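Given next are the chains, with one letter for each unit.
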Amino acid sequence: MKFTEFIQQNVVPTANRIASNKFLKAISDGFMALMPVIIIGAIFSLLNSLAIAPYQNFITATGLKPILSLPNMVTNDILALYAVIFIAYHLAKYYEKDPATAGMIALFTFLAVTPLANTADIINKFLAGNNLTLANDIVVPAGNVIPYEWIGAKGLFVAIIIGLVSTVVYNKLLDKGLAIKMPEGVPPTIAKSFGGLIPGFVIIILFMAVNKVVTFLPNITGLHSVIYTFIQGPMELLLGNSLGSFLVAILVAQLLWFFGIHGVTAVILPIFYPLWTSLTTANIAALNAGVSVFELPNIINRTFFSIYAITGGSGMTLGLCLYMVLWSKSKQYQTLGKLALPANICGINEPVLFATPVVLNPYMLIPWILTPVVSAVLAYGLTVMNILPRLSTVVPLGTPVIMSGFLAGGVAGWRVALFQIAMIIIGAVIYIPFFKVIDKKAYENEKQAYGDVTSSELELLNHSHKSGIN
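Residues numbered from 1 in each chain as written. Predicted model: local features only at pLDDT ≥ 70, side-chain atom pairs only at ≥ 80, totals over all residues. Heavy atoms only, no water.

- Named according to an unreviewed UniProt entry, the protein chain is Permease IIC component originating from Hydrogenispora ethanolica.
- Under Function (unreviewed entry), UniProt gives the following word-for-word description of the protein chain: "The phosphoenolpyruvate-dependent sugar phosphotransferase system (PTS), a major carbohydrate active -transport system, catalyzes the phosphorylation of incoming sugar substrates concomitant with their translocation across the cell membrane."
- Of the comments in the UniProt record for the protein chain, the one headed Subcellular location (unreviewed entry) reads "Cell membrane". (UniProt positions renumbered as here; feature names shortened; annotations may be inferred.)

Put into structure tokens, the structure is as follows:
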């Protein structure tokens, strides 16, 4: 059995089932909905931490520094709160239930299992740790607060679990009729609100009970602690912050794309984005704390993928597209290159994928997989050597190549932009030998159709044919 036949018969159906899985789609859609939150926080973090002495003196002297730090505090620092809402929201839409109610239930359930802190305990621990004492007549204020520790990146997996499970329970309870039904004539908004009362009671009690039960495990303080200790932490270490797992993710995504399945949507978004997002926010937090871009904790993260592995779109076809425009022999590919180039510069390369085609084209399989792998390995090595900075700024989708490098690398963004330029050239070199085969075939077909004419004459013939001139 040929390799392609084996893949199509055994791998593609499984990949299709994974890509259409409602739970993975809810996670994927939920994290895509977080893009504005992450990008806004990352950009303000960059503005707050640019390591340029005159600039830092200016924002400090003018009082802008604490203002610039605020957007990141209400975005990336509490990312899990947004994640739990959007994941529940999108899963509820799949079940055709009220998504707003599902998101609200997931949010207050998440907060119910999130550990609280007490201001008196915090102050007393600080005083004891620094051998300080207060005057006898001073009373330490006591009040409950929600610490940032578990509502940011460390709470993402709990957000995913609660977002999914609470919505499944919400859906099943409604399907069984376990909800308060309002009489006819009651406004739909009020009816939906009352419909969520019984499911809300059941779900919050269920998770509070689980949160209490897990505390009987040694060194575990609750649901957040057990999930991070046994699931999220190890996965971040073994899958998220590992070059090997990163390359495997690219290989699988590229292979699926080759067979017409959106590999990023099927593999990267639901499985790796939660891990890489957590690693990205850790870099942002370190950057805000004054850590150099060359000393941030994580090399691989969400930005590393978007800047180095999909420059110019999946498969990094921008170099191929430029070669089509400048040196392709066939008019077919010259025209395709000119049409696809503007979108390709912004990371949209579906025209090249399906019109070349790259999809299901055995001539293009090797460069399609090899180019992003080479880019990732080179970028990782150069980052280890402190030639490239560690990335923290999440760049908006559609940002043109080179500009995205400047934004992602912060004060050393010019290095990232130069690397992207180098990879466009290297990518073209990798694609050219394979592309020349199909370009030559297309050129021979055009010669048979129009005779042995020059490219400019062929263009005139094509124009005349389209215009109806004989």
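1. Details of the environment of Asp-29
- Counting through the fold element by element, Asp-29 comes out in helix 2 (residues 22-33).
- Spatially, the C-alpha atoms of Asp-29 and Tyr-55 are 38 Å apart, while their sequence positions differ by 26 residues. (Helix = DSSP H or I, 4+ residues; strand = E, 2+ residues; numbered from the N terminus.)

2. A short note on the environment of Thr-265
- If you trace the backbone, Thr-265 turns up in helix 14 (residues 263-288).
- Look at Thr-265 and you get partly exposed, because its relative accessible area is 33%.
- Considered as a pair, Thr-265 and Lys-25 are 240 residues apart in the sequence and their alpha carbons are 8.3 Å apart.
- Setting aside residues no more than four positions away along its own chain, Thr-265 makes contact with Ser-28 and Pro-270. (Buried < 20%, exposed > 50% of the residue type's maximum accessible area, 1.4 Å probe, protein only. Contact = heavy atoms within 4.5 Å.)

3. Focus: the packing of helix 15 (residues 302-309) against helix 19 (residues 365-384)
- Packing of helix 15 against helix 19 brings their axes to within 9 Å, and their N-to-C directions diverge by 125 degrees. Looking at the two axes, helix 15 sits oblique to helix 19. As for the relative orientation of helix 15 and helix 19, their crossing is right-handed in sense. Of the residues in helix 19, those in contact with Phe-304, Tyr-308 and Ala-309 of helix 15 are Pro-372, Ser-375, Ala-376, Ala-379, Tyr-380 and Thr-383.
- Considering only residue class, the contact of helix 15 with helix 19 consists of 7 nonpolar, 2 polar and no charged. (Axes fitted to C-alpha atoms, helices over the stretch in contact; angles between N-to-C directions. Parallel < 35°, antiparallel > 145°, perpendicular 65-115°, else oblique. Left-handed = near helix turned anticlockwise from the far one by under 90°. Nonpolar A, V, L, I, M, F, W, Y, C, P; charged D, E, K, R; others polar.)

4. Let's talk about helix 8 (residues 119-129)
- Between a side-chain oxygen at the N-terminus of helix 8 and the backbone nitrogen of Ala-120 the separation is 2.9 Å; the capping residue is Asn-118.
- Once helix 8 ends, the next one or two residues include Asn-131, with phi positive near 55 degrees. (Polar contact = N/O pair within 3.5 Å; in protein donor to acceptor, adjacent residues only side chain to side chain.)

5. Considerations on the packing of aromatic side chains
- Applying the stated rule across the entire model yields 15 aromatic pairs.
- Ring centres of Trp-150 and Tyr-228 lie 6.1 Å apart, and the angle between their planes is 70 degrees; on these two criteria the pair is classed as edge-to-face. Here Tyr-228 lies in helix 12 (residues 223-240) and Trp-150 lies in the loop between strand 2 (144-145) and helix 9 (156-175), a separation of 78 residues in the sequence.
- Owing to a relative accessible area of 10%, Trp-150 belongs among the buried residues under this scheme.
- By relative accessible area, which is 23% here, Tyr-228 ends up partly exposed.
- Ring centres of Phe-258 and Phe-259 lie 5.2 Å apart, and the angle between their planes is 90 degrees; this geometry places the pair in the edge-to-face category.
- Residue class for Phe-258 comes out buried when judged on its relative accessible area of 3%.
- Chaining the aromatic ring pairs together yields one cluster made of Phe-246, Phe-272, Tyr-273, Trp-276, Phe-304, Phe-305, Tyr-308 and Phe-419.
- It is Lys-154 that lies over the ring of Trp-150; its NZ or CZ is 4.3 Å from the centre.
- Over the face of the ring belonging to Tyr-228 we find Lys-154, whose NZ or CZ atom lies 4.8 Å from the ring centre. (Phe/Tyr/Trp six-rings, centres within 6.5 Å; stacked < 30°, edge-to-face > 60°. Lys NZ or Arg CZ within 6 Å of the ring centre and 35° of its normal.)

6. Structural notes on a nonpolar patch on the surface
- Taken together, the side chains of Leu-178, Ile-180, Ile-190, Phe-194, Leu-197, Ile-198, Phe-201, Val-202 and Ile-205 present a nonpolar region at the surface, about 750 Å² in accessible area.
- At the level of secondary structure, the elements contributing two or more residues to the nonpolar patch comprise helix 10 (188-195) and helix 11 (197-213).
- The element contributing the most residues to the nonpolar patch is helix 11, with 5 residues.
- Ile-190 gets classed as partly exposed once you look at its relative accessible area, which sits at 39%. (Patch = residues over 30% accessible without salt bridge, like charges linked within 9 Å, V, L, I, M, F, W, Y side chains within 5 Å. Areas by Shrake-Rupley, 256 points an atom, 1.4 Å probe, with all protein chains shown as cover. Salt bridge = Lys/Arg side-chain N within 4 Å of Asp/Glu carboxyl O.)

7. A word on unusual backbone geometry
- Here the residue pair Thr-356 and Pro-357 is connected by a cis peptide bond, since its omega of -10 degrees sits within 30 degrees of zero.
- Secondary-structure assignment places Pro-357 in the loop between helix 18 (350-355) and helix 19.
- Positive phi, normally seen in glycine, also occurs at Glu-96, with a value near 60 degrees.
- Along the chain, Glu-96 falls in the loop between helix 6 (79-95) and helix 7 (99-112).
- Given the relative accessible area of 72%, Glu-96 is considered exposed.
- Positive phi values are uncommon outside glycine, yet Leu-360 reaches one of about 60 degrees.
- Following the sequence through the fold, Leu-360 ends up in the loop between helix 18 and helix 19.

8. Notes on the nonpolar core
- With 45 residues, the main nonpolar core has Phe-31, Phe-110, Ile-160, Ile-162, Leu-164 and Leu-223 as its most contacted residues.
- Those elements that place two or more of their residues in this core are helix 2, helix 3 (35-49), helix 6, helix 7, helix 9, helix 11 and helix 12.
- A per-element tally of this core places helix 9 first, with 11 residues.
- Apart from the residues within four sequence positions on either side, Ile-160 is in contact with Ile-27, Phe-31, Ile-87 and Pro-274.
- Counting 33 residues, the second largest nonpolar core, distinct from the first, contains Leu-256, Ala-376, Ala-379 and Val-416. (Core = buried A, V, L, I, M, F, W, Y, C linked by side-chain atoms within 4.5 Å.)

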